[in-house]
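Structural description and commentary
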Amino acid sequence: MNQKFKKELPGADSFFQPDYIPNYDGYPWDIRISLGEAPLEESYYFTVQDPEAIHLSIREVLEKFALNREQQGNLDVAQYPELPFLQEELILYFENGKTGQLGLEIFVNHNPSSNPVDLDDPVERYLGVCTFHDNSFDYRVLDLVFVAAVPDLEPEEAENLWEAYGHLSLLMLIDYKYRQGPQAFTTFTHESSWAGFFNKNTIGDPYPHFTAGMVRLEKEGMIRRFDDVRFGYPRSDMSAALELTPIGQEAIREIHEKEKLYAQTYDPFFSVSPSPPALDVPDGFDVRVQMMEYDNLDCVEAILLRILDDQEDEYFGGDQWANCIESVPFLLRVHEALAYKTHFSTEVLQSLKSLE
Amino acid sequence: MDRWKVENFFDYLAMSEGQAQAEGYLVESSDPLSRESLRQFITWPEWTLNRPVKLAQEGRILNGEDSIDLQGDCPAIDLVKDSQSTVPKFQDCNLEKRHREAFLAHRTQIVGWIDRLLDLPTSMLRNTSEEPVQTFDEMIGRFVKCLTPTNQLKFMFRIAQVVHQSPFENFSKFLGAVPFRCGYEMWRNISLGFGGVCAEKTAAIQFLCDILEIPTRSVLGSRQPIPGNFLEQLETYLTSEGEAPLPIWIQHLLIEIEIGGCWYLIDVTNGNIPLLFLDEADADLFIQNGYRSRMISNVECLNLQRMPRWAGDALLTISEYHVPDLHFRYVFDQGLGLLISRELFVGAFFSWGQEVQARMENHFSSLARSNRLLFPRFVHEGNLQSVADEFLQELLCETLRCLREQYRSNYYTGDFIFVLQPLTTPFWQHPRISRSVSKALGPGPFVPPPAVAQNLRETILRDAE
């Protein structure tokens, strides 16, 4: 799982649920709240004097302490006079989140899970420790991050991307399953996720993306179903319910060729320094996407193929592949890669290219 | 008509433009507010912390009986400091009188700009006779009589909203070749959809308070600890005629106003600093402890210090009359760039070669990465056309032209590069209003008047036409 937030406070180390956290039992602790990726230095905080309050739920401590206007007198205004105003702003987010006026997700900084926290979970499960390098402060902290949820990828945009590139992910799925061996491939073709495709009954089909995509591959002559094999009645001697046609095999061969080419051409630009120009530097800039764009490549296709190739086990392995195809998390990754691409000048790109 | 006697020219300049026209002068200034700045500089040099000036043409000092040559391609007229005169005293600096003079000279225009921005008929503000307030003009000379203390507070809050909502920008300084705008110039600038930096916006509030006779105090801010002898340092600088080092630790300027016997601290900077409107108790806490703010990426603690009126006047006057490259300092030295909005930072840097450019691109891209921002775009003459937003493209194009024109150095062979940095991390954004103020204002939301929401696009297009 990817951590959603791993923000650091300059001059301090933060640890999520360290083994030694029981050493802090009996001491006051902090609730810290920051906004999204905003730095921790400007966050809101509230010191809870009651050590036993860690057994309460996150919702309870927010309502009782951190986001309770009646507790404003306990804010450290002598140090940070803006705290009451930050509290007001957070209360507004929290209240609007409760009524649904605002899509508010609350995460825990450094939590290994990438999911929002369940506010009914007990605080103690999410406590971390923050230790300042100069030993001036060393305390337990519930390090919350408020995120006003905005869709990262608009549904319409996701649909357009699926329309244009969905077939690539389906072909790579079939290829992945095929490489697991004949038995695994046969089992794959009989999984219930294919029901919509084989039974041609799309009403109530939980995987409409997948079904429509496979119908399209079939129409384009890339896959062929076996009419003599009854789908959904697995026996020990059963055969696969479909196969890749020569056209489909050729399409997959082309995909692999492209992947190889993209990897060879652009992986050297994974971590570069623009000044002085250098490739393969530690902690450099990833200019692969910008370089692809510079070469007039179809960036979406190139990124998608690289992502699916790199993380095929995550997306196609196990029993969640159909859900994955439906929710298209890989398209979100493409979207992020495009959004977070670098914008170095042509001169910088040229000097990097000359180093190859 | 091709010569103008110096003493007559001074007589002309001592009058407001309206007076001069009434007296029969045929001269028309291309910009009445620039003429006003010149008029105040020449007529009341001590108010602007300057010695009296003399005119010179082709290196020859012109005395009262001499004439200015106005023929064809006549040589430019220089203003020369009268070195025989005494050094101006900082106590003579008088912003209040300057504001009043400017208002008297340009009342109709200034009231028009302010009215347009405040849109008072929609404010539901009523005077003490319970009649709706229609125009700012009604309050001149009778602010306290015209409005109850609560309505005075409501009015000033609206003013603060308007100024705060105007963009934090330096584009307009280059477009208008004005390194720093004073209070009355700011009202015109804001009415055109532009804005300014903290000191200019504070100057706008100061101007309005002086016209309405609202007592004010200046508050300075700094990221560094404010030296105990800050007034002494300021005095030393002011009496040195620019020889002593600039007190560069002064990085922020705010204002306190007195309404109904209570003082309120106001910060209308914007640029991602939320509007601050604090009663005295809250203001004391902010002034004792400073407060955290982030405009682009760095979180900084701003230390605050109250100072006497003369010091605030002097700082604004120095900025207006004594630092000719102040706009370059704001953009390049202080790193404030050309615009800081909720969505975008537009910066600029000098580039005199590919290596420098790559280094600066590295610097800004590293900042973006360490702050989890989208990567910035670098825009120069060669790729300006790639800026998809036509308005921004036009604005950058025009600013580039002005930057080149105003940075006249024979030794500089490079060009300017713009940095477009999307600001994707969230900011604290709700106004910080003391409870006592919120209570007095009544139920929110405190929506700023619509004129403020007009964008720069209209302005630029209109000006271009």
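The structure presented is a predicted model; accordingly, all values stated were derived computationally and were not measured.

**A word on the domain arrangement of chain B**
Domains assigned within chain B are domain 1 (3-30 + 52-85), domain 2 (92-332 + 428-454) and domain 3 (343-422). The distance between the C-alpha centroids of domain 1 of chain B and domain 2 of chain B comes to 34 Å.

**A closer look at the interface of chain A and chain B**
Listed as interface residues are 31 residues of chain A and, on the opposing side, 28 residues of chain B. Counting residues per element, the ones that place at least two in the side of chain A that touches chain B are α2 (83-99) and α13 (346-353) of chain A. The biggest single contributor to the side of chain A that touches chain B is α2 of chain A, with 5 residues. For the side of chain A that touches chain B, the residue count by class is 17 nonpolar, 6 polar and 8 charged.

**Focus on the pairing of strand β9 (residues 262-267) of chain B**
Residue and element names in this part refer to chain B. Two elements, strand β8 (residues 252-259) and β9, share 5 bridges in a ladder whose sense is antiparallel. Bridge assignment links E256 to a residue of β9, and that residue is L265. The antiparallel hairpin formed by β8 and β9 contains 2 residues in its connecting segment, where G260 sits at a positive phi of about 55°. As defined by bridge partners, β9 adjoins strand β10 (residues 276-279) across 4 bridges and the pair is classed as antiparallel. Bridging from a neighbouring strand, I266 pairs with F277 of β10.

**Quick notes on the sheet that holds strand β5 (residues 77-81) of chain B**
All names here are of chain B. Taken together, 3 strands build an open sheet; the order of strands is β3-β2-β5 and the sheet is antiparallel. Two strands close off the open sheet at either side, each with one partner strand: β3 (60-62) and β5. Adjacent strand axes in the sheet meet at a mean angle of 45°, parallel and antiparallel pairs treated alike.

**A word on the nonpolar core**
In a soluble, globular protein the nonpolar side chains are often hidden away together inside. Counting residues in each nonpolar core, the largest one holds 111 residues, and the members touching the most others are A160, A204, I205, L265, I266 and F277 of chain B. With 10 residues, helix α9 (residues 198-212) of chain B is the largest single contributor of residues to this core. For this core, the domains that each give at least three residues are domain 2 (92-332 + 428-454) and domain 3 (343-422) of chain B. Contacts of A160 of chain B, omitting those with residues within four sequence positions, involve I266, V268, L275 and F277 of chain B. Ranked by size, the runner-up nonpolar core spans 45 residues in total, among them A302, Y315, F344 and V348 of chain A.

**Some remarks on the environment of M222 of chain A**
Summarising the element assignment, M222 of chain A is placed in the loop between α6 (208-219) and β7 (223-225). Ignoring sequence-local partners within four residues, the contact set of M222 of chain A consists of L171, L217, L244, T245, I247, G248 and A251 of chain A.

**Some points on the confidence of the model for chain B**
Residue and element names in this part refer to chain B. Scored by pLDDT, chain B has a mean of 90; 95% of the residues are at 70 or more. Low pLDDT, under 50, characterises residues 450-465; the predicted model gives this stretch 20 contacts beyond four residues in sequence or across chains. On the interface metric, ipTM, the complex scores 0.88, and its pTM is 0.86.

**A closer look at unusual backbone geometry**
Comment: phi is negative for the bulk of residues other than glycine, and the bulk of peptide bonds are trans. A cis amide bond links S275 of chain A to the next residue, P276 of chain A, at an omega of -5°. Residues other than glycine seldom take positive phi values, yet D280 of chain A does so here, at roughly 55°. With respect to the helices and strands, D280 of chain A occurs in the loop between β10 (277-278) and α8 (288-294). On the basis of neighbour count, D280 of chain A is assigned to the partly exposed category, with 13 C-beta atoms found within 10 Å. Notably, E213 of chain B is not glycine yet its phi reads approximately 60°, a positive angle. When you line up the elements, E213 of chain B lands in the loop between α9 and β7 (216-222). The exposure class assigned to E213 of chain B is partly exposed, which follows from the 14 C-beta atoms found within 10 Å.

What counts as what
- Within every chain, residues take consecutive numbers counted from 1 along the sequence as written.
- Chains and ligands are labelled by the order in which they are written, letters from A for the one and numbers from 1 for the other.
- Residues qualify for local features only when their pLDDT is at least 70, as the model is predicted, and side-chain atom pairs are given and counted only at 80 or more; totals for whole chains, interfaces and linings, by contrast, use all residues.
- These domain limits were set by an automatic method or by a database of domain assignments.
- In this description, a residue-residue contact is defined by the distance between C-beta atoms placed from the backbone, which must lie within 7 Å.
- For the purposes of this entry, the term helix denotes a DSSP run of H or I that reaches at least four residues, the term strand denotes a run of E that reaches at least two, and both are numbered from the N terminus.
- The classification used treats Ala, Val, Leu, Ile, Met, Phe, Trp, Tyr, Cys and Pro as nonpolar, Asp, Glu, Lys and Arg as charged, and all other residues, Gly among them, as polar.
- At least two bridges found by DSSP between two strands are what make those strands a pair.
- As a rule, the C-alpha atoms of each element are fitted with a line to give its axis, helices using only the stretch in contact, and angles between N-to-C directions run from 0 to 180 degrees.
- Residues enter a nonpolar core if they are buried, belong to Ala, Val, Leu, Ile, Met, Phe, Trp, Tyr or Cys, and are joined to the set through C-beta atoms within 7 Å.
- With C-beta atoms placed from the backbone, a residue counts as buried when 20 or more other C-beta atoms lie within 10 Å of its own, as exposed when 12 or fewer do, and as partly exposed for counts between those limits.
- Looking at any residue, its pLDDT shows the predictor's confidence there, from 0 to 100.

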